[in-house]
Amino acid sequence: MVSEIEKIMSNIEQVRNIGVIAHVDHGKTTTSDALLAGAGIISERVAGEALALDYLNVEKERQMTVKAANASLYHEYNGKGYVINLIDTPGHIDFTGMVTRSLRVLDGAIVVVDAAEGVMTQTETVLRQALEERVRPVLYINKIDRLIKELRLTSSQLQDRLVEIIKDVNNLIDMYAEPEFKDKWKLNPAAGNVAFGSAKDQWGITVPIASKKGINFQQIIDAYSSDDKDKIAALTKKAPLHEALLDMVVKFVPNPKEAQKYRIPKIWKGDLNSDLGKAMLEADPNGPVVFYVNAIHVEKAGLVATGRVFSGTLEPGKELYVVSQDVTGRVLQVSLYMGPFRELTQRVTAGNIAAIMGIDNLRAGETLVESQYKSQGAPFEQLHYIAEPVVTIA
Ligand code: GDP
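Residues numbered from 1 in each chain as written. Predicted model: local features only at pLDDT ≥ 70, side-chain atom pairs only at ≥ 80, totals over all residues. Heavy atoms only, no water.

Within an unreviewed UniProt entry, the label attached to the protein chain reads Elongation factor 2, and the organism entered is Acidilobus saccharovorans. The protein chain has a UniProt comment under Sequence similarities (unreviewed entry) that states "Belongs to the TRAFAC class translation factor GTPase superfamily. Classic translation factor GTPase family. EF-G/EF-2 subfamily." Within the UniProt record for the protein chain, the comment given under Subcellular location (unreviewed entry) is "Cytoplasm". (UniProt positions renumbered as here; feature names shortened; annotations may be inferred.)

Draft legend 1. Structural view of the overall build of the protein chain. Helix and strand content of the protein chain: 14 helices and 18 strands. For the protein chain, buried positions account for 57% of its 394 residues. Accessible surface for the protein chain amounts to roughly 16900 Å². Of this, 51% is attributable to carbon and sulfur atoms. (Helix = DSSP H or I, 4+ residues; strand = E, 2+ residues; numbered from the N terminus. Buried < 20%, exposed > 50% of the residue type's maximum accessible area, 1.4 Å probe, protein only. Areas by Shrake-Rupley, 256 points an atom, 1.4 Å probe, with all protein chains shown as cover.)

Draft legend 2. Region of the structure containing the site of the ligand. The environment of the ligand is formed by 15 residues, the closest being Asp 25, Lys 28, Thr 29, Thr 30 and Asp 145. Here an oxygen atom of the ligand and a backbone polar atom of His 26 are 3.5 Å apart. Within the contact set of the ligand, an oxygen atom lies 3.2 Å away from a side-chain nitrogen or oxygen of Asn 142. Protein contacts shield 72% of the accessible area of the ligand, which totals 580 Å² for the unbound molecule. Contributing elements (two or more residues each) for the shell around the ligand: α2 (28–39) and α6 (144–149). Tallying contributions element by element places α2 first for the shell around the ligand, with three residues. Residues that form the shell around the ligand fall into these classes: two nonpolar, seven polar and six charged. (Near = heavy atom within 4 Å. Polar contact = N/O pair within 3.5 Å; in protein donor to acceptor, adjacent residues only side chain to side chain. Nonpolar A, V, L, I, M, F, W, Y, C, P; charged D, E, K, R; others polar.)

Draft legend 3. Highlighting the pairing of strand β1 (residues 15–22). Among the eight residues of β1, eight are classified as buried, and the element is accordingly described as predominantly covered. The side-chain alternation of β1 yields two buried faces, one formed by Val 15, Asn 17, Gly 19 and Ile 21 and the other by Arg 16, Ile 18, Val 20 and Ala 22. Sheet topology places β1 next to strand β4 (residues 108–114); five bridges connect them, and they run parallel. Note that in β4 the partner of Gly 19 across the bridge is Ala 109. (Pairing = 2+ DSSP bridges.)

Draft legend 4. The arrangement of the packing of helix α7 (residues 155–176) against helix α10 (residues 217–225) in detail. Relative orientation of the contacting elements α7 and α10 amounts to 110°, with a least axis distance of 10 Å. One way to sum up the angle between α7 and α10 is to call them roughly perpendicular. From α7, Ser 155, Leu 158, Gln 159 and Leu 162 reach across to α10, where they touch Phe 217, Gln 218 and Ile 221. A class-by-class count of the residues in the contact of α7 with α10 yields four nonpolar, three polar and no charged. (Axes fitted to C-alpha atoms, helices over the stretch in contact; angles between N-to-C directions. Parallel < 35°, antiparallel > 145°, perpendicular 65-115°, else oblique. Contact = heavy atoms within 4.5 Å.)

Draft legend 5. How the structure looks around the nonpolar core. Core analysis: the biggest nonpolar cluster contains 62 residues, and Leu 139, Ile 141, Ile 144, Ile 205, Ile 220 and Phe 380 have the highest contact counts within it. When residues in this core are grouped by element, the largest group, seven residues, is from α7. Residues contacting Ile 144, with those up to four places away along its chain left out, are Ala 115, Leu 162, Phe 196, Gly 197, Trp 203 and Ile 220. Of all hydrophobic cores here, the second largest spans 27 residues; its members include Val 20, Ala 39, Val 112 and Met 248. (Core = buried A, V, L, I, M, F, W, Y, C linked by side-chain atoms within 4.5 Å.)

Draft legend 6. Region of interest: α7. Its 22 residues place the ends of α7 32 Å apart at the C-alpha level, agreeing with the 32 Å of an ideal helix rising 1.5 Å per residue. Listing the buried residues of α7 in full gives Ser 155, Leu 158, Arg 161, Leu 162, Ile 165, Ile 166, Val 169, Asn 170, Leu 172 and Ile 173. (Expected span 1.5 Å × (residues − 1).)

Draft legend 7. Summary view of the environment of His 26. Within the secondary structure, His 26 is located in the loop between β1 and α2. In this structure the C-alpha to C-alpha distance between His 26 and Asn 142, which are 116 residues apart in sequence, comes to 7.3 Å. With near-sequence residues (within four places) excluded, His 26 lies in contact with Val 112, Val 113, Asp 114, Glu 117, Gly 118, Met 120, Thr 123, Asn 142 and Lys 143. A polar contact of 3.1 Å, which involves the side chain of His 26, links it to the backbone nitrogen of Asp 114.

Draft legend 8. Broad picture of the pattern of salt bridges. Applying the stated criterion across every chain yields a total of 24 salt bridges. For Glu 117, the salt bridge goes to Arg 146, with nearest N and O atoms at 3.8 Å. Residue Glu 117 is found in the loop between β4 and α5 (121–132), and its partner Arg 146 is found in helix α6; the two are separated by 29 residues along the sequence. The residue Arg 134 makes a salt bridge to Glu 180 at a minimum N-O spacing of 3.9 Å. Note that Arg 134 is positioned in the loop between α5 and β5 (136–142) and Glu 180 in helix α8 (residues 179–185), a separation of 46 residues in sequence. Judged by relative accessible area, Arg 134 falls into the buried class, the value being 11%. Each of Asp 114, Glu 117, Lys 143, Arg 146 and Glu 150 takes part in salt bridges that share partners, so that together they form one network. (Salt bridge = Lys/Arg side-chain N within 4 Å of Asp/Glu carboxyl O.)

Draft legend 9. Examining the sheet that holds strand β3 (residues 80–87) more closely. Spatially, the seven strands line up as an open sheet ordered β2-β3-β1-β4-β5-β6-β7, and their pairing is mixed. For this open sheet the edge positions go to β2 (70–77) and β7 (203–205), each flanked by a neighbour on one side alone. Each strand axis lies, on average, 30° off the axis of its neighbour in the sheet, ignoring direction. In the packing of α7 onto the sheet, the strands contacted are β4, β5 and β6 (194–198), and the crossing angle to β5 comes to about 155°.

What follows is the structure, encoded as structure tokens:
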């Protein structure tokens, strides 16, 4: 399985780097869990208490947390396999730059909006931050059940409500996206970049999926207004949420090579004509290594730094220069993610998310470059000397 994943990861067109962003309580956690359950290490059938417990045991053995820094999902679209890296983004507004930091390693974001509440202040804040980092949004309107059970909307009122939310999000894209992305990134439900569903019940549809599978709003209204568990379960089986969301991601989020062409000039502070600059613009696996750390965890065996390989190929033994500290260190272990778990590997190529061990004193936000290129080593982020909380797993 690791070698299969490695093969897909080395074909950059089959990789996507995404996050889930939302106003608090709109369903970011439930949506991420549904993605992991559907397309991660645990299969669609692995649900319910007993199996969830198993999952936690495996996790304890491997000293991982449910809230991993990253979870790599596998998804097939039009007969082709894709690795989708789901990167954890902080769920709250903070002032330490953590939101920006995780956005920096993403190329796309699933914006979750509660159908009953609509676009809220934090939806606007995180979407604006994403657009400023040139992260492309797709929309997931969650909690459709609330529109039926609590607000008792009819089919046409329900559709009006969805149209209104899409319009609000498009207004934000219009306001905050740079001119060259505005029109391209505006949402168009008919094209399939808006999904509707319930993360709690793990179903979701886009317009193309609904027409392909013969699902309409009246069926959804019937299931929830009668609170018919079987009808809801049938919906989940027919239109699982992870399929709708990951189809959207594969189709609309650019692959790392496409994305780095326009993102590197925006997010990296170095010379674009240098070897490092050119290699990152091309996401060149044969170029010098550039690795940006977005999360740090301390495990029994030592410090694990998770981040994105923007160019080159990370391998054990590589000597890397830590830009903000003016020191070099040697990578001892390289791992990739399978679901939320790390597995050792011999290489991770440009465009992918990797974790490394062996270099001490790393902090989140650090930029590492292959040591021969240290003179070109500009950072992605200017690190300030503040104490950052480190997650310790006993
Ligand atoms: P977060 O703060 O954005 O991570 O939101 P959570 O995923 O923790 O969800 C907030 C609350 O909304 C929880 O009580 C969830 O059970 C609930 N929730 C999530 N998805 C749905 C849904 O589809 N329908 C309903 N009715 N509630 C949901």
